[in-house]
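Here are the chains, one letter per residue:
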Amino acid sequence: LRWKLAPSPGQPKYEALADAIAAEITAGRLQPGDRLPTQRDIAAQLGVTISTVTRAIGEAARRGHVSARTGSGTFVAVPVQAAAPAGQPTIDLSLNTLPDAVAKPYFDQALAALAAERRADLLFGYQPVAGSGGQRRALARWLEQRGGIDAGAEDIALTHGTQHALAACLAALTRPGDAVLCERWTYTGIRRLAEAAGVRLTGIAMDAHGLLPEDLSARLRATGAKLLICSAAGQNPTAATMPIERRREILAVCRAHDALVVEDDINARLVSDDMPPLAGLDPQRVVHASSLSKSLASGMRLGVLLAPPACQARLRDALVSQAWVAPAFYAELFARMVADGSAEACLRAQKAEAGRRQAMARSSFGADAAAEIAGFHLWLPVPPPWRIEDAIASLAGAGVRVSPANHFAVDDEQGGAAAAPRIRIALGAPEDDALLQEGLRRVAGALRGGPLAMSTIA
Ligand SMILES: Cc1ncc(COP(=O)(O)O)c(C=O)c1O
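Reading the values: the criteria
Residues numbered from 1 in each chain as written. Predicted model: local features only at pLDDT ≥ 70, side-chain atom pairs only at ≥ 80, totals over all residues. Heavy atoms only, no water. Axes fitted to C-alpha atoms, helices over the stretch in contact; angles between N-to-C directions. Helix = DSSP H or I, 4+ residues; strand = E, 2+ residues; numbered from the N terminus. Parallel < 35°, antiparallel > 145°, perpendicular 65-115°, else oblique. Contact = heavy atoms within 4.5 Å. Nonpolar A, V, L, I, M, F, W, Y, C, P; charged D, E, K, R; others polar. Core = buried A, V, L, I, M, F, W, Y, C linked by side-chain atoms within 4.5 Å. Buried < 20%, exposed > 50% of the residue type's maximum accessible area, 1.4 Å probe, protein only. Phe/Tyr/Trp six-rings, centres within 6.5 Å; stacked < 30°, edge-to-face > 60°. Lys NZ or Arg CZ within 6 Å of the ring centre and 35° of its normal. Polar contact = N/O pair within 3.5 Å; in protein donor to acceptor, adjacent residues only side chain to side chain. Left-handed = near helix turned anticlockwise from the far one by under 90°. Near = heavy atom within 4 Å. Areas by Shrake-Rupley, 256 points an atom, 1.4 Å probe, with all protein chains shown as cover.

K.L.:
Please provide a residue-by-residue account of the packing of helix α4 (residues 100-117) against helix α12 (residues 328-339), values included.
P.N.:
Where α4 contacts α12, the axes come no closer than 10 Å and their chain directions differ by 105°. Here α4 is positioned roughly perpendicular relative to α12, judged by the angle of their axes. Residues Tyr-106, Phe-107, Ala-110, Leu-111, Leu-114 and Glu-117 of α4 form the contact with α12, whose own contacting residues are Phe-329, Leu-333, Arg-336 and Met-337. Among the residues making up the contact of α4 with α12, the classes are represented as 8 nonpolar, no polar and 2 charged.

Right, here's the structure in full:
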């Protein structure tokens, strides 16, 4: 070893050793993917203790210079900002959205029809926060087309999307310091909202069918939580859909603990969930939130909140203080699309597109990839011996961006992302087939190479 250990006055040895590793990387004598000598060898050659070396490697890992893989050693990390293959742009498969081209003809036509009516006056003035009667009836019909739910227009409030609905639920149904439960892997917006509301979020263990009732029961008891936020259909990120039995079990557990459920049903229409939502099975216990973001177009900031009468006043109060009025423009546009059937037609087109893109993903990763898939998102295991950080760095080097499991992890009590390394791939993000195909090819190629091929990819 030619590493120079030169602690400055008062500097601990482990820090000086981490500096020496950094200097070797800067000088190019250590390359991304290179394996470091064993800790024992480093200690013997530099005349320091093994525990100093262990701390130094921990420090180098914290700085992002190395990563350790259990059983295989410590490797020089690939820079996360690595460039895409020469001359090619990075392909973003991280944002869970819908391809615009599918929805465009339906919305172009609806916008033209709305303009031709010359009813700009519908958009003037402050609208009622829950939406006008006509707007609420349209949203109630859209909800009924989902199936398994009985939505009276009077029980509905319009929102500016599901995120807004969830924010209103936390504001209306919790107090700072409360415990709130959700899936162990959850949509990142829930974590942000929980932080803003000052509630303590606890994750419930899951299997391929969603929340595990036993763990839910245990955590309701342990935390005293009175609120659960979850999705029964096409959950983000795991793609899990609860079978009907699991839905009933989850509700029975919540009844036993007198806990309320906020059901985020945003993905149900796209994944063709033909089972009743939780709100259809127990309307007095479930607040139901959905929107158009994952079924028609993410920029259509229109959602719908269906709540038991006992919560409605509190929820409307929260909606007023957060957004003042209903999103009248989107609601008027959408009401016409529900009436003339173009909303359903657009949904069918998005479902067909999701099916086509899923088939492309399946052929890229093969049947043995054990990936879960729902609508436009895929939850792909990263096979051993990959560590999640190395996989993400390697994919960045290959010019493709995806979302790692740790972005969705609620707590690390159960081993966190390290115990279940996965990535979420957003199949709807690229606008065309060629970009998606190339993005999938880069992911499959980089993962197939295995971690030891990192230095050849970067
Ligand atoms: C599970 C889930 N809930 C809520 C949202 C936010 O939805 P909206 O765009 O309607 O606010 C998203 C968006 O990604 C989501 O995936």
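Moving on from the model shown.
K.L.:
Can you lay out the nonpolar core for me, pointing to particular residues and giving the numbers?
P.N.:
Grouped together as the largest cluster of nonpolar side chains are 49 residues, with contacts concentrated most on Phe-107, Trp-142, Leu-216, Leu-228 and Phe-334. For this core, the element with the most residues is α12, which contributes 5 residues. Leave out the neighbours within four places in its chain, and Trp-142 touches Arg-269, Leu-292, Ser-295, Leu-296, Phe-334, Val-338, Ala-343, Glu-344 and Leu-347.

K.L.:
Could you give an account of the packing of aromatic side chains, naming the residues involved and the relevant values?
P.N.:
What the rule picks out here adds up to 4 aromatic pairs. Aromatic pair Trp-142 and Phe-334: ring centres 5.2 Å apart, planes at 85°, arrangement edge-to-face. Of the two residues, Trp-142 is situated in helix α5 (residues 133-146) and Phe-334 in helix α12; the sequence distance between them amounts to 192 residues. Like Phe-334, Trp-142 is buried. Among the aromatic side chains, those forming a connected cluster through ring pairs are Trp-185, Trp-379 and Phe-408. The positively charged end of Arg-55 is found above the aromatic ring belonging to Tyr-14, 4.0 Å away from the centroid. Lying across the ring of Trp-142, Arg-269 places its NZ or CZ 4.3 Å from the centre.

K.L.:
I'd like to hear about the side chain of Arg-422, residue by residue, with values.
P.N.:
As for its position among the elements, Arg-422 is in strand β17 (residues 422-426). We classify Arg-422 as buried; its relative accessible area is 18%. From its side chain, Arg-422 meets the backbone oxygen of Trp-379 in a polar contact 2.9 Å long. Setting aside its immediate chain neighbours within four residues, Arg-422 contacts Ala-370, Glu-372, Trp-379, Leu-380, Pro-381, Val-382, Ile-388, Ser-403, Pro-404 and Ala-405.

K.L.:
Explain unusual backbone geometry residue by residue, including any values.
P.N.:
Backbone torsion omega between Asn-236 and Pro-237 reads 15°, so that peptide bond is classified as cis. For Pro-237, the location among the structural elements is in the loop between β9 (227-230) and α9 (244-256). In this chain, Pro-384 is followed by Pro-385 through a cis amide linkage whose omega measures 5°. Within the chain, Ser-272 stands out as a residue other than glycine whose phi angle is a positive 55°. Counting through the fold element by element, Ser-272 comes out in the loop between β10 (260-264) and α10 (278-281). Residue Ser-272 is classed as partly exposed on the basis of its relative accessible area of 41%.

K.L.:
Before we move on, could you go through the packing of helix α8 (residues 213-223) against α9 and cite the residues and values that matter?
P.N.:
It is at 9 Å that the axes of α8 and α9 come closest, and there the two elements cross at 15°. Relative to α9, the element α8 is oriented roughly parallel. Crossing angle aside, the handedness with which α8 passes α9 is right-handed. When α8 is examined against α9, the residues Pro-213, Leu-216, Ser-217 and Leu-220 are found in contact with a partner set consisting of Arg-246, Glu-249, Ile-250, Val-253 and Cys-254.

K.L.:
Explain the site of the ligand to me, using residue names and the numbers behind them.
P.N.:
Around the ligand, the surrounding shell consists of Gly-161, Thr-162, Gln-163, Tyr-187, Asn-236, Asp-264, Ile-266, Ser-291, Ser-293, Lys-294 and Arg-301. The backbone of Thr-162 places a nitrogen or oxygen atom 2.8 Å from an oxygen atom of the ligand. Lys-294 places a side-chain nitrogen or oxygen 2.8 Å from an oxygen atom of the ligand. Summarising the interface, the protein chains cover 90% of the accessible area of the ligand, which totals 400 Å² for the free molecule. Of the residues assigned to the shell around the ligand, the class counts are 2 nonpolar, 6 polar and 3 charged.

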